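An overview of the molecular structure
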Amino acid sequence: MGEAMSVTFSRLSLMTAIPAPGAATPHPLWMRRVVSIAALLGWWFLGICTLALAVMTAYSRRSGTDGTGTLDNAGTLSALIGLALLMSLIVRESYPVPIAIIGAVLVIALSLDPLPVLVAGMHAMRRSQIRVAAPVAALVTVTTVVATWRDLQGRTAHESLWRMWVTDTVDPVAANAVQPPIAWWVPLLIGLGISGIFLGSGYVRRLLAQSQGEADQHRAVAARLGDELAVRTERERIAREVHDVIGHRLSVVTLHAAALEANAPDTRLGTSAAAVREAAEQTADDLHSLIGVLRTGGADVTEAIPELIEVGALVDDTVGHGMNLIATVTMNDVERLDQLTSRTAYRIVQEMLTNARRHAPAQGVRLVVRAYPHEGVLLESANYFPPGAAPFAPGRGMTGMRERAEQVGGEIRVLTEGEVLRVAVHLPWRWRG
């Protein structure tokens, strides 16, 4: 049954490593980098075009020409600073707020295009906290409105980027024609619209990322609940099988032992039958307790295991059932020993006595149990091999003791000296709590 349980729970533990149906698989890192680089190149291409037009229109407004001549020092400086601002978009995802603030100051002071500021504001809305992103969004919006208003102060297509879009610049007359002034609300509406598109897209991506995170959390919770349900179902199945099979056999043993006790021809046989009956009844009680833990799942199975302080009762019970046992039990402060270590020690002693009873039933057994804070827990057993027994080979009991000892950082040693099998286990002392 132990092997079946371990296989079952190993299979169930693998369920958490399998993505739930419909779960979104994150994109590989290289794909995200490719998308980021492609977006950066796109922003650079668009930014260089708009920067060139913004510098030329600003130069035309200052010089009163059509912008076809050589840029003055102010225009050249603005172009270089604008290129540097575009280059800063390389770190737009890591430092969107500084880029947006510095870019806003430069755009307003040097008549630059606000595209880098809009891109930085978009990433600030996506990645920064709302208390930081909100002021940045307001600054980006004001910067965009100011840049649009300033551009529309130009009266010809050469002096205004926005007028250039609606003018036939191929026709020299139309390109140099002075156009009527624009109402105050036009740059306001354009600036709000453009900043709303950029900032809104950043906020939408922020909401999508939050929704994705919440969806991942819901899927993780659903997977965990599914695992818990599967474990609960499996525990109920195991409890049902144990109750039906082992419970039935124990009841048969109890019934026959009681009958033998009642009809024993001599006192010795009656005493042995009574011991068998009591052991079967105690085993049935322990089995029912374990089944209750398996079915309810409200407590750890290990809570039903006695602690090391009860090893004396185990020794008395073993002797009472006829084992030739000499035991030395000395311990101090064992009530303050860590529960897991204490229960592990009890189970190891129990397994030592069980192995001796199973493999050498008529042989004497020597048991030593010592538990002190300064030296840990030492468990030793020694027994003779029965005459004609096969050479010692570790079985499931010895494997179980080794696993229990290693679970709490202990170690086990097995030594055969002639016809004597010695088992020694040392567990480190851990204080409770």
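First, a word on what this report is: a plain description of the structure on this page. (Residues numbered from 1 in each chain as written. Predicted model: local features only at pLDDT ≥ 70, side-chain atom pairs only at ≥ 80, totals over all residues. Heavy atoms only, no water.)

Right, let's get into the overall build of the protein chain. Across its full length, the protein chain holds 13 helices and five strands. By the burial criterion, 33% of the 433 residues in the protein chain qualify as buried. Considering only contacts in the protein chain between residues 6 or more positions apart, those separated by 24 or more positions represent 68%. As displayed, the protein chain has an accessible area near 25,000 Å², and 62% of this comes from carbon and sulfur atoms. (Helix = DSSP H or I, 4+ residues; strand = E, 2+ residues; numbered from the N terminus. Buried < 20%, exposed > 50% of the residue type's maximum accessible area, 1.4 Å probe, protein only. Contact = heavy atoms within 4.5 Å. Areas by Shrake-Rupley, 256 points an atom, 1.4 Å probe, with all protein chains shown as cover.)

Using the criterion set out here, one finds two aromatic pairs in the structure. Ring geometry for W43 versus F198: centroids 5.8 Å apart, planes at 40 degrees, classification tilted. Of the two residues, W43 is situated in helix α2 (residues 29-63) and F198 in helix α9 (residues 185-262); the sequence distance between them amounts to 155 residues. Judged by relative accessible area, which is 15%, F198 ranks as buried. With 5.5 Å between their ring centres and 70 degrees between their planes, W429 and W431 make a pair best called edge-to-face. Its relative accessible area of 13% is what places W429 among the buried residues. (Phe/Tyr/Trp six-rings, centres within 6.5 Å; stacked < 30°, edge-to-face > 60°.)

A separate point is the pattern of salt bridges. For the structure shown, the criterion picks out ten salt bridges. When the shortest N-O distance is used, the salt bridge between R219 and D216 registers 2.2 Å. Of the two residues, R219 and D216 both sit in helix α9, three residues apart, roughly one turn of that helix. Judged by its relative accessible area of 35%, D216 falls in the partly exposed class. (Salt bridge = Lys/Arg side-chain N within 4 Å of Asp/Glu carboxyl O.)

By the secondary structure assignment, Q179 is in the loop between α8 (172-176) and α9. For Q179, a relative accessible area of 17% corresponds to the buried category. When residues no more than four places from it in sequence are discounted, the contact partners of Q179 are R155, A157, R163 and T167.

The five strands are arranged β1-β2-β3-β5-β4 in an open sheet whose pairing can be described as mixed. Each edge of the sheet is formed by a strand with only one pairing partner; in this case those strands are β1 (325-331) and β4 (411-417). Shown here is a sheet whose adjacent strand axes are inclined to one another by a mean of 10 degrees, direction ignored. Two strands pair when backbone bridges link them, and strand β2 (residues 365-372) and strand β3 (residues 376-384) are joined in this way by eight bridges, in the antiparallel orientation. Bridge pairing links R366 to A382 in β3. On top of the sheet, helix α11 (residues 311-320) reaches β1 and β2; it is set at about 170 degrees to β1, its chief contact. (Pairing = 2+ DSSP bridges. Axes fitted to C-alpha atoms, helices over the stretch in contact; angles between N-to-C directions.)

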